[in-house]
There are 2 protein chains.
Amino acid sequence: MMKSESTAIDVPESSAVPKGKASLMAATRDAKGGYNKGFAIFDFILRLGAIVCALAAASTMGTSDESLPFFNQFFQFQASYDDIPTFQFFVIAMAMIAGYLVLSLPFSIVSIVRPHAAGPRILLLIFDTVSLALNTAAAAAAADIVYLAHNGNSTTNWFAICQQFGDFCRKVSGAVVASFASAVVFMLLVIMSGLALRRQ
Amino acid sequence: MMKSESTAIDVPESSAVPKGKASLMAATRDAKGGYNKGFAIFDFILRLGAIVCALAAASTMGTSDESLPFFNQFFQFQASYDDIPTFQFFVIAMAMIAGYLVLSLPFSIVSIVRPHAAGPRILLLIFDTVSLALNTAAAAAAADIVYLAHNGNSTTNWFAICQQFGDFCRKVSGAVVASFASAVVFMLLVIMSGLALRRQ
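Keep in mind it's a predicted model, so treat the numbers as computed, not measured.

Peer 1: Before we move on, can you summarise the packing of aromatic side chains with the specific residues and values?
Peer 2: Taken as a whole and judged by the stated rule, the model has seven aromatic pairs over all chains. Ring geometry for Tyr100 of chain A against Phe127 of chain A: centres 6.2 Å apart, planes inclined by 35 degrees, an arrangement best described as tilted. Remark: Phe127 of chain A occurs in helix H4 (residues 119-151) and Tyr100 of chain A occurs in helix H3 (residues 85-113); sequence separation between them is 27 residues. Here the aromatic rings of Phe87 of chain B and Phe168 of chain B are separated by 6.3 Å at their centres, their planes lie at 55 degrees, and the arrangement is tilted. Pair noted here: Phe87 of chain B is in helix H3 (residues 85-113) and Phe168 of chain B is in helix H5 (residues 166-198), with a separation of 81 residues, a long-range link. Considered together, Phe87 of chain B and Phe168 of chain B belong to a single accessibility category, that of buried residues. Put simply, the rings of Tyr100, Phe127 and Phe186 of chain A touch in pairs and so form one group of aromatic residues.

Next comes the structure, spelled out in structure tokens:
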């Protein structure tokens, strides 16, 4: 009884304090590493989701094409994404973003394997920020044209074309929604990179 | 001689090691604090620049308004930003961003005064990311309409209106350029927040 109390309160060896400190620091480090590993795994899953969204957006837009069933001798009424420069930009931008996301997967895996390495995270943060801007720009510009195609604008005499090209408009709207989803994922990725860098 | 050697090699007091370690840690901490302070000051200056850009964009767009010198009994030919929903969104979004930037200045000052505080930086990182997305969306959508106003689109029968409304188009284009400048500043702010968080 007396002996156990003395060992509990007194610390006779001088090496006991550093050892205790070291193990405490290691424990804190492990806990932080655990958080970081969690962030890195979630980061990887989000990237997979963003790849799906970006590919869906690019391919839906890239295959949007509608010919009307009536045509005359000289002219076939047809709407395709490459008639509108904004939609061309959209396809190129979303394809680039899908490519970047695939290339970023190895760096995300490095973050899972080595939760304390700051290099890959900073690299990903920089490119994610640029991709967020590109993705949002493409999505907003395309959404703008889709809005115009649905509603037209009377002041500038731009007429709505969705009455004629209904399927085209539906496909294009779907692509815009998918690209906004991937933009939201990029926002999460950027904020999570910041949080993970903080914990190091 | 013998004594000095013994003090150099041996460490008789148990408190010597912690003291040396503590001063080394303090020195490293000061160096990191210096970097962080530099980042924080640069952050503050960038925010001031972004406020100017955002206010310029919102006010230029908000005052863009052109009446043509000819009119008939029933109709005055006039173009104004509030005829086009995208430009209304642009004005509101850029005004919101300018307001957010003004509100963010105190947090930036806290980062200068306390370079090691992670809280304000993470708060700024999150809101900067959201603002980057909003700013880019507004800029890209408005740029899209400006392109359409300059060039028109033959497939959809949307005609260019800049031949008639030259001054209107010039003002609107200027606003778009200013908003892209503030979007670039937001990208720098997000990346710098990540770097500053890393150094803590």
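Peer 1: Give me the interface of chain A and chain B: which residues, what numbers.
Peer 2: Contacts between chain A and chain B engage 37 residues on the former and 37 residues on the latter. At the boundary of chain A with chain B, total buried surface from both sides reaches about 3,300 Å², with 75% on carbon and sulfur atoms. Contact with chain B buries area across many residues of chain A, yet Asp144, Trp158 and Arg198 of chain A alone supply 18% of it, more than any other trio. On inspection of chain A and its partner chain B, the count reaches zero salt bridges. At the boundary of chain A and chain B, one finds six residue pairs in polar contact (both at pLDDT 80 or more).

Peer 1: I'd like a description of the state of the cysteines, backed by residues and values.
Peer 2: Residue and element names in this part refer to chain A. Applying the stated criterion across every chain, the model contains two disulfides over all chains. Between the sulfur atoms of Cys162 and its disulfide mate Cys169 the distance is 1.8 Å. Between Cys162 and Cys169, the disulfide has an S-S torsion of -85 degrees and is therefore left-handed. Cys162 gets classed as buried once you look at its relative accessible area, which sits at 12%.

Peer 1: Describe the UniProt feature "transmembrane region" (unreviewed entry) in chain A, with residues and values.
Peer 2: Residues and elements named next belong to chain A. As annotated by UniProt and renumbered to match this structure, "transmembrane region" (unreviewed entry) occupies residues 39-61, 87-110, 122-149 and 175-197. Structurally, residues 39-61 is divided into 100% helix and 0% strand, and its ends, taken at the C-alpha atoms, are 32 Å apart. In residues 87-110, helix accounts for 100% and strand for 0%; the two terminal C-alpha atoms are 35 Å from one another.

Peer 1: Which residues make up the side chain of Asp128 of chain A, and what values do they have?
Peer 2: Residues and elements named next belong to chain A. Within the secondary structure layout, Asp128 lies in helix H4. We classify Asp128 as buried; its relative accessible area is 0%. At a separation of 2.5 Å, a polar atom in the side chain of Asp128 contacts the side chain of Tyr100. Among all residues touching Asp128, those that are not within four sequence positions of it are Arg47, Tyr100, Phe186, Leu189, Val190 and Ser193.

Peer 1: Describe in detail a nonpolar patch on the surface, supporting the description with residues and values.
Peer 2: All names here are of chain A. Side chains of Phe107, Leu123, Ile126, Phe127 and Val130 sit close together on the surface and give an oily, nonpolar patch of about 390 Å² of accessible area. Tallying contributions element by element places H4 first for the nonpolar patch, with four residues. Along the polypeptide, Ile126 turns up in helix H4. The exposure class assigned to Ile126 is partly exposed, which follows from its relative accessible area of 30%.

Peer 1: Please provide a residue-by-residue account of the nonpolar core, values included.
Peer 2: Judged by nonpolar contacts, the single largest core of 93 residues is most densely connected at Met61, Phe87 and Phe90 of chain A together with Met61, Phe87 and Phe90 of chain B. Of all elements in the fold, only helix H2 (16-62), H3, H4 and helix H5 (166-198) of chain A together with helix H2 (16-62), H3, helix H4 (119-151) and H5 of chain B reach the threshold of two or more residues within this core. Membership of the second largest hydrophobic core comes to ten residues, among which are Ile122 of chain A together with Leu125, Val190 and Leu197 of chain B.

Cut-offs and rules
- Residues numbered from 1 in each chain as written.
- Chains lettered and ligands numbered in written order.
- Predicted model: local features only at pLDDT ≥ 70, side-chain atom pairs only at ≥ 80, totals over all residues.
- Heavy atoms only, no water.
- Phe/Tyr/Trp six-rings, centres within 6.5 Å; stacked < 30°, edge-to-face > 60°.
- Helix = DSSP H or I, 4+ residues; strand = E, 2+ residues; numbered from the N terminus.
- Buried < 20%, exposed > 50% of the residue type's maximum accessible area, 1.4 Å probe, protein only.
- Contact = heavy atoms within 4.5 Å.
- Buried area = accessible area lost by both parts, 1.4 Å probe.
- Salt bridge = Lys/Arg side-chain N within 4 Å of Asp/Glu carboxyl O.
- Polar contact = N/O pair within 3.5 Å; in protein donor to acceptor, adjacent residues only side chain to side chain.
- Disulfide = S-S within 2.5 Å.
- UniProt positions renumbered as here; feature names shortened; annotations may be inferred.
- Patch = residues over 30% accessible without salt bridge, like charges linked within 9 Å, V, L, I, M, F, W, Y side chains within 5 Å.
- Areas by Shrake-Rupley, 256 points an atom, 1.4 Å probe, with all protein chains shown as cover.
- Core = buried A, V, L, I, M, F, W, Y, C linked by side-chain atoms within 4.5 Å.

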